[in-house]
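A structural walkthrough
For reference, the chains in residue letters:
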Amino acid sequence: MFNYCCIIADYFKLSAEDKRLLLYAAYLHDLGKINVSKETLISSKKLSQDQWEELKKHPQDSADILKQIKGFEKVVPLVLEHHEKYDGTGYPSGLKCDEISYLARILAVVDSFDAMTNQRPYQETKTFDEAFEEIERCKGTHFDPVIVDKFIEALKS
């Protein structure tokens, strides 16, 4: 995921500060999963409602951990918002469109692409082209449409 964020940061011509924040967020966005049970994290079955609710707490837990570390204040919103969806159906706050910070909207696309193209116990690994199709399909609902277009452009170039 870190490598994709490097590519995207350069392609999007992010400032040095925004690139730094995006890269820190790439490393730290799932830190809160430390509080999620091993059974839930490695489950190859569909999660129960309780397991799903447990997993959905990880962005807030990640943010709460990072709030305690001096120098990471600007990373907190990115990790907190990385599961918000462009149409407002995400979590933890149900933010939508520009209510979600720009860098968190980038992180959401990169995180999803990375999850789809790497082996996970709960899903079949997708090829890059299959992942591009899925991200394209979710453009405007899950993901910022402008970011999706630029993301796909960047990785294909």
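Not measured: the values here are computed from a predicted model. Just so you know, the residues in each chain are numbered from 1, in the order the chain's sequence is written. Per-residue local features of the predicted model are confined to residues with pLDDT of at least 70, and side-chain atom pairs are confined, for both listing and counting, to 80 or more; whole-chain, interface and lining totals are unaffected and use all residues. Hydrogen atoms and water are omitted, and side-chain values are computed over all heavy atoms in the structure.

**Regarding the overall build of the protein**
Runs of H or I in DSSP of at least four residues are treated as helices and runs of E of at least two as strands, each being numbered from the N terminus. When you go through the protein residue by residue, the secondary structure sums to nine helices and zero strands. The linear arrangement of helices and strands in the protein, starting from the amino end, is α-α-α-α-α-α-α-α-α. Our radius of gyration is a C-alpha quantity, and the globule rule it is checked against amounts to 2.2 Å times the number of residues to the power 0.38. Against the 2.2 N^0.38 benchmark of 15 Å for 157 residues, the protein shows a C-alpha radius of gyration of 15 Å, consistent with a compact globule. Each principal axis of the C-alpha distribution contributes one length, and for the protein these read about 40 × 40 × 25 Å. The buried label goes to any residue with under 20% of its type's maximum accessible area, the exposed label to any with over 50%, and the partly exposed label to all in between, with areas taken from a 1.4 Å probe on protein chains only. Out of the 157 residues in the protein, the part that is buried amounts to 43%. Long-range pairs, those at least 24 residues apart, make up 55% of the contacts in the protein between residues at least 6 apart in sequence. Per element, the accessible surface of the protein, about 8,800 Å² overall, is 52% carbon and sulfur. By the convention used here, residues are in contact when the closest approach between their heavy atoms is within 4.5 Å. Only the protein chains shown count as covering a residue, and every accessible area follows the Shrake-Rupley method with a 1.4 Å probe.

**A short note on the packing of helix H1 (residues 2–11) against helix H2 (residues 16–28)**
In this analysis an axis means a line fitted to C-alpha atoms, helices contributing only their contacting stretch, and an angle means the value between N-to-C directions, from 0 to 180 degrees. Two elements in contact, H1 and H2, have axes whose closest approach is 9 Å; the angle formed by their N-to-C orientations is 160°. Taken together, the axes of H1 and H2 lie roughly antiparallel to each other. Crossing geometry of H1 relative to H2 is assigned as right-handed. Where H1 abuts H2, its residues Phe2, Cys5, Cys6, Ala9 and Asp10 lie against Lys19, Leu22, Leu23, Ala26 and Tyr27. Under the scheme applied, nonpolar residues are Ala, Val, Leu, Ile, Met, Phe, Trp, Tyr, Cys and Pro; charged residues are Asp, Glu, Lys and Arg; polar residues are all the others, including Gly. Split into classes, the residues belonging to the contact of H1 with H2 amount to eight nonpolar, no polar and two charged. Angles below 35 degrees are treated as roughly parallel, those above 145 as roughly antiparallel, those between 65 and 115 as roughly perpendicular, and all remaining angles as oblique. Here is the rule for handedness: rotate from the far helix to the near one, and if that takes an anticlockwise turn smaller than a right angle the crossing is left-handed, while a clockwise turn gives right-handed.

**Some words on the packing of aromatic side chains**
In this scheme Phe, Tyr and Trp rings, the latter by its six-membered ring, pair at centre separations within 6.5 Å, and the angle between planes marks the pair as stacked below 30 degrees, edge-to-face above 60, and tilted otherwise. Taken as a whole and assessed by the stated rule, the structure comprises nine aromatic pairs. On the numbers, 5.2 Å between centres and 80° between planes, the contact of Tyr4 with Phe113 is edge-to-face. Of this pair, Tyr4 sits in helix H1 while Phe113 sits in helix H7 (residues 102–117); the two residues are 109 residues apart in sequence, bridging distant segments of the chain. The exposure class of Tyr4 is buried, given its relative accessible area of 16%. Between Tyr4 and Phe128 the ring centres are 6.3 Å apart and the planes differ by 65°, which places this aromatic pair in the edge-to-face class. Linking Tyr4 in helix H1 with Phe128 in helix H8 (residues 128–137), this pair joins segments that are 124 residues apart in sequence. Residue class for Phe128 comes out partly exposed when judged on its relative accessible area of 41%. Pairwise contacts between aromatic rings join Tyr4, Phe113, Phe128, Phe132 and Phe151 into one cluster.

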